[in-house]
Amino acid sequence: VTPRKGSTLGGTKVKISGSGFGNCSNIDVKFGDLMTCEVSECSNTELICNTERISKVHQLNNGGRHPVYGPGYVWSDIELEILPGDTVEWVWNLQVASKETGISVQQVESPANNEWDGKGFKSEKGPKGRLRQQFYSPGDYFYSSQPVFGKELFMKGKIQVVSDTEDSTSALSVMMEDIPAAQEVVADTGSVAYDGCALSPGSDCIADPVSSHAFLFTMAVCLTPSVSSVVISSGSSNASAMPISGFNGAGLIIEGSGFSDNSCQNVVSLGDNHHCVVTSSSTSQLTCTVDGAGETPMPSLKEQKIAVTVRNSGSALMAVSDPDTAKFYLVPKVTSTNVKNEEFNAAATTASPSTGVAPEIPSDTDYCDMDAAHTMCIYSGPSEECQAKATGREFTEEGKNLILNKHNELRKRVSTGGESGQP
């Protein structure tokens, strides 16, 4: 078995050699109760798998007792501690409910707040319902609700996501259906290969675990890379209210620790199907370029979770201060147009650079030839006085950007709830 140590969050490529694996269709690989190892390559004598942390689902219900209103109006655990990658599921069911009564869950900025600020998770209000949310970044996540009834009763709580502070070691288990594979423990002299990438020597921050009875694997804190910030350095767009949104080809700068200065060992994933191609790297910073192409192009304005893996340490902890910066949103961009009108090809209304005079405005007859119901056919158009003053001109890039930025500023204000009187 090689290697025998890796990230606490999984993402480590492991090679297991032996015999009798067949085609691995019925083989299950685990390291204790903490990690599975998903088989990606297999022969009768060797299999390659990738470690994956077994995340937990923590369920909260409205079974707590309120000191005034009794049972049903407090969450079963108002301060829950979980690990990165775990999921919280809120489930509620009010036994007695009126039309105005209902429970909801919405992330808030602090324990003193009840209003959703447009960030994070949010559910609909109702007498029955559920909400599931997976958490990746360490930190305190506060939540409240819309008023359950009246204006005073809110159901509050806190989710505390804490990262591992200690190493964990577990024994390998290879099961073919319900039969465990025998293990003949030998020293680790092997290595794992990646196509097109020669790995730098692995970290010696921790020794391999030793046992004479079973192969062991250590999930080591010192082998867990950490991302502290993600910023967009080029190709950004303010068309979205999200902090990391940009065009295809946008540049990202990722800072943290535990990266490799061998660029090919760092993999930045965007969602399940796309990547940000690393162009330069150090142990504390990665620079990459968003690649939204591929067999299935990246969808626009859809959340793409940013994940970093260091071959062959494993997955990085996304320890960013704002979890929204761990998500990328692709913004569509028009690079050219080719408009063709078979019925009518009016002269451009751009003023001639040499004379400064705009071409003649098309007559009403031209529009009537297109369609008798055309607005410019029904109405006679500008008077001779107005027509004499009419000019045509191009927008400068500065002018275009001024209009676009103002449009996006106002759009963002409405979308984030900053404009009063909106739904």
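Up top is the structure.
Here the structure is a predicted model, which is why all the values come from computation and not from measurement. (Residues numbered from 1 in each chain as written. Predicted model: local features only at pLDDT ≥ 70, side-chain atom pairs only at ≥ 80, totals over all residues. Heavy atoms only, no water.)

**A short note on the pattern of salt bridges**
Inspection of every chain in the model, using the stated rule, returns six salt bridges. Between Asp-164 and Arg-53 there is a salt bridge, with its nearest N and O atoms 2.7 Å apart. Placement of Asp-164 in the loop between strand S14 (157–161) and strand S15 (168–176) and of Arg-53 in strand S5 (residues 46–53) is noted, with a sequence separation of 111 residues between them. For Asp-164, a relative accessible area of 22% puts it in the partly exposed group. (Salt bridge = Lys/Arg side-chain N within 4 Å of Asp/Glu carboxyl O. Helix = DSSP H or I, 4+ residues; strand = E, 2+ residues; numbered from the N terminus. Buried < 20%, exposed > 50% of the residue type's maximum accessible area, 1.4 Å probe, protein only.)

**Quick notes on the sheet that holds strand S12 (residues 128–134)**
Taking strand neighbours across the sheet as the criterion, the three strands line up as S6-S10-S12 in an open arrangement whose pairing is mixed. Across the chains shown, the open sheet's two edge strands, defined by having one partner strand only, are strand S6 (57–61) and S12. Between one strand axis and the next, the sheet turns through 15° on average, direction left out of account. Bridge count for S6 against strand S10 (residues 87–93) is five bridges, and the pairing is parallel. The partner of Asn-61 across the bridge, within S10, is Val-91. (Pairing = 2+ DSSP bridges. Axes fitted to C-alpha atoms, helices over the stretch in contact; angles between N-to-C directions.)

**Brief notes about unusual backbone geometry**
In this structure, Pro-3 follows Thr-2 across a cis peptide bond, with omega equal to -5°. Residue Asn-312 is reached from Arg-311 by a cis peptide bond, and omega for that bond is 0°. Mapping Asn-312 onto the fold places it in the loop between strand S23 (304–310) and strand S24 (314–315). Within the chain, Cys-24 stands out as a residue other than glycine whose phi angle is a positive 65°. When you line up the elements, Cys-24 lands in the loop between strand S2 (10–17) and strand S3 (27–31). Since its relative accessible area comes to 10%, Cys-24 is described here as buried. Unlike most non-glycine residues, Glu-177 shows phi in positive territory, near 55°. With respect to the element layout, Glu-177 can be found in the loop between S15 and strand S16 (179–180).

Function cannot be inferred from these measures alone, as they are strictly geometric.
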